[in-house]
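# Analysis of the macromolecular model
Chain by chain, the residues:
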Amino acid sequence: MALNEHETSQLKAALQEAVVKCSERCLYQSSKWAAELLTAIPTTEDNLEPEDSQMTEVPSDGQPPIVVTGNLDVEEAQLEAREINKYLLAKAFFDCREYDRCSAVFLPDTVLSGVLSASAKVPANASPSNSKGKGKEPLSERTIPSALPRLSQKSLFLALYSKFMSGEKKKDEDSEMVMGPHDGGNTSNKQLNTISRFLEVWFQQRTLKSGEVVGSQGWLEYLYGMVLAKDKNEEEAMRWLVRSVHLYPMNWGCWQEMTALIGRLDDLNRISPHLPQNIMSFIFHLHASLELYQSTPLLSNSLEQLLGIFPTSPFLLTCRAILSYHTKDFVTADAEFAQLLAQHPHRLDCLDHYSNILYVMNSRPKLSFLAHLCSVIDKFRPESCVVIGNYYSLISQHEKAVQYFRRALTLDRTCLSAWTLMGHEYVELKNTHAAIESYRRAVDVNRRDYRAWYGLGQTYEVLEMHTYALWYYKRAAGLRPWDSKMWSAVGTCLQKMGRELEGIKALKKALVVDSYWDGGAGSSFGSGRENGGLMDPELLLQIASMYERLGDGAEAKAYMEMCVAQEEGNVDNPEASVINIHADSGSSDDESKPGAPTSGGNGGNVGTGVTAATSKARMWLARYAISTGDYQRAMQLATELCQDGIEVEEAKALVRDVRTRLETMEEGSR
């Protein structure tokens, strides 16, 4: 995706405008994102002179300086010019976190209550869904305009957004201590209804019979969609957010709200055709796919194309590191995060993901350094608290880890990592009730978090409530169908419930998944995993044991032999192409991957060597050989067991038993 000079210039102008417009509306995270992307566009030495824009114009003498962007809509421009002093006052109040004062500049309580009392009479006569009300449209037109104040859309957005932020602030203040005795997670934003009703009236006034909103710029659609999403009206929220990105696509906050509403890959594929076809939509698709834990070569290719345009973008470099994390290439992910940290040493965004990687790699020195760095930069950022909590967890100080995760949640109740990781810590502390509550709150924040679903399954399995555990494991497997750990958990749970056949199918699915990734499915963007193409001996042993309980000795023997064969490597899996999971554990996401290759695609594999699983399989095969009278094979296996160093005493006893049987046979033959 290469852009010519004209397209690059247009992109720069659009991002410059987005930075200023988002900042004017106090959408500072969106403004920061656009500014980072803007500065990531390479600039040639010939193009270093200041660009022509409003920001560089020198005002003539006696004229006020230009402090805001212009507006192509003449009526809106006149309103903004008339409100400029009030707007500057309101923005100053917002920046000082005085949200109620900010809102009252344009919408005092008296005006707001008048609008809401008038709007209460409107739906019966002016609701678009009421066919009888259509004939009474003049009445609604007489009622609504008299109630609404005449404000520019920018001022109205700022007033209503500050009202929303005021509700969020009071919600946090009213919330009880995190995981305290009265913390039910039920506190809501009490301003949502007020904002929603006001915007309903505003849109009713401006909506034509064709459904088009006259003169709308997309910002109020974004706010309305955000309010509807908070109120759990997700379908309607998505509709308004899509409208918003069509009207103004450079508002990254709107794309993020849409991402939060997408729970499955099917949802993303369903809305993609309805989105504007531009670079923002391309970035959104990448971001949403990563949030859905996708890690296909196509996604990697899209990311590389974007990095060709924004080579130093910290957002895209973070996406690349997270993509490596999703493919379990922890070494590459570590290197990419380390490089990103070297380039932006004061940037804390997504460092909680980096701490997870270092935790999995058991890299205590690096995690210690990262925790210290975060503490120095800003110890009261949720990301910093999560990083420090991960460090204490790594050194087995679980009480301190919980303390820091709770501190992160005090700062931000929607911090997903903190809820999930705190659940893990409570599991370590054997506090299953608190662990379940933490995982449930994580799912409430983000239902796409497979780790929380998996954690719930684990916790209920500890409590021996296998039916509940199975349901949660299946949810986790549906969200991450190409992770063998998920299917292994499903299979083990089914085994404990006595559903052996279904359990075998789930475990075979886990083998297929391992073959897919280890066989080089992700090699186009670096799988980074060793021993590609090998199967997990533990899974093979477990499948063989389940076949044995079903009385299928031939299948049990076949899988035991496959288990032993993993010691040497270079083993083909003849059943990989025909193994299927039971339909009730399936997921629509399964169709997002191509067919899994067999594990024999990598010819230079090194075996696992002797493991506890392979030794158990060899012991089983030795006893099976004795039961079938194949004493030579039994002696060979028993002798190998003596050399393994695992279960040596049993192996020696087996050798003596086989030797005795052979001597008895020789005496009998004489």
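This report concerns the structure included in the present document. Because the structure is a prediction, the values reported are computed rather than measured. (Residues numbered from 1 in each chain as written. Predicted model: local features only at pLDDT ≥ 70, side-chain atom pairs only at ≥ 80, totals over all residues. Heavy atoms only, no water.)

## Regarding the nonpolar core
- Core analysis: the biggest nonpolar cluster contains 192 residues, and Leu 15, Leu 223, Met 258, Phe 284, Phe 310 and Met 422 have the highest contact counts within it.
- Residues in contact with Phe 284, not counting those within four places in the same chain, are Trp 252, Trp 255, Met 258, Thr 259, Ile 262, Leu 268, Ile 271 and Leu 275. (Core = buried A, V, L, I, M, F, W, Y, C linked by side-chain atoms within 4.5 Å. Buried < 20%, exposed > 50% of the residue type's maximum accessible area, 1.4 Å probe, protein only. Contact = heavy atoms within 4.5 Å.)

## With respect to the pattern of salt bridges
- Applying the stated criterion across every chain yields a total of 31 salt bridges.
- A salt bridge links Glu 24 to Arg 25; the nearest nitrogen and oxygen atoms lie 3.6 Å apart.
- Residue classification places Arg 25 among the buried residues on the basis of a relative accessible area of 3%.
- The residue Arg 480 makes a salt bridge to Asp 483 at a minimum N-O spacing of 2.8 Å.
- One continuous salt-bridge network, built from bridges that share partners, spans Glu 24, Arg 25, Glu 80 and Lys 154. (Salt bridge = Lys/Arg side-chain N within 4 Å of Asp/Glu carboxyl O.)

## Section: the packing of aromatic side chains
- Tallying each qualifying case throughout the model produces 28 aromatic pairs.
- Centroid distance Phe 94 to Tyr 161: 5.7 Å. Interplanar angle 15°. Geometry classified as stacked. One end of the pair, Phe 94, is in helix H4 (residues 84-95); the other, Tyr 161, is in helix H9 (residues 153-174), and 67 residues separate them in sequence. Across this residue pair, the class does not change: Phe 94 and Tyr 161 are buried.
- Between Tyr 161 and Phe 164, the aromatic rings sit 6.3 Å apart at their centres with planes inclined by 15°, giving stacked as the arrangement. Linking Tyr 161 with Phe 164, this pair stays in helix H9, spanning three residues, or about one helical turn.
- For Phe 164, a relative accessible area of 4% puts it in the buried group.
- The rings of Phe 94, Tyr 99, Phe 157, Tyr 161, Phe 164, Trp 219, Tyr 222 and Tyr 248 are connected pair by pair, giving a single aromatic cluster.
- Note that Lys 509 overlies the ring of Trp 482, its terminal NZ or CZ placed 5.1 Å from the centroid. (Phe/Tyr/Trp six-rings, centres within 6.5 Å; stacked < 30°, edge-to-face > 60°. Helix = DSSP H or I, 4+ residues; strand = E, 2+ residues; numbered from the N terminus. Lys NZ or Arg CZ within 6 Å of the ring centre and 35° of its normal.)

## Here's the deal with helix H25 (residues 450-462)
- Here H25 is 13 residues long and its end C-alpha atoms lie 18 Å apart, about the 18 Å a rise of 1.5 Å per residue gives.
- Counted residue by residue, H25 has eleven buried out of 13 residues, so it is predominantly covered.
- Burial in H25 covers these residues: Tyr 450, Arg 451, Ala 452, Trp 453, Tyr 454, Gly 455, Leu 456, Gly 457, Thr 459, Tyr 460 and Glu 461.
- In this fold, the buried residues of H25 make contact with helix H19 (351-360), helix H23 (416-428), helix H24 (432-445), helix H26 (466-479) and helix H27 (484-496).
- A positive backbone phi angle near 60° is found at Glu 464, which sits one or two residues after H25. (Expected span 1.5 Å × (residues − 1).)

## Focus: the side chain of Lys 91
- Along the chain, Lys 91 falls in helix H4.
- Of the residues examined, Lys 91 reaches a relative accessible area of 16% and is grouped as buried.
- At a separation of 3.1 Å, a polar atom in the side chain of Lys 91 contacts the side chain of Tyr 28.
- Beyond its immediate sequence surroundings of up to four residues, Lys 91 is in contact with Ser 23, Glu 24, Cys 26, Tyr 28 and Leu 158. (Polar contact = N/O pair within 3.5 Å; in protein donor to acceptor, adjacent residues only side chain to side chain.)

## Notes on the environment of Lys 509
- With respect to the helices and strands, Lys 509 occurs in helix H28 (residues 500-521).
- A relative accessible area of 11% means that Lys 509 is categorised as buried.
- Linking Lys 509 and Trp 487, residues 22 residues apart in sequence, is a C-alpha distance of 6.5 Å.

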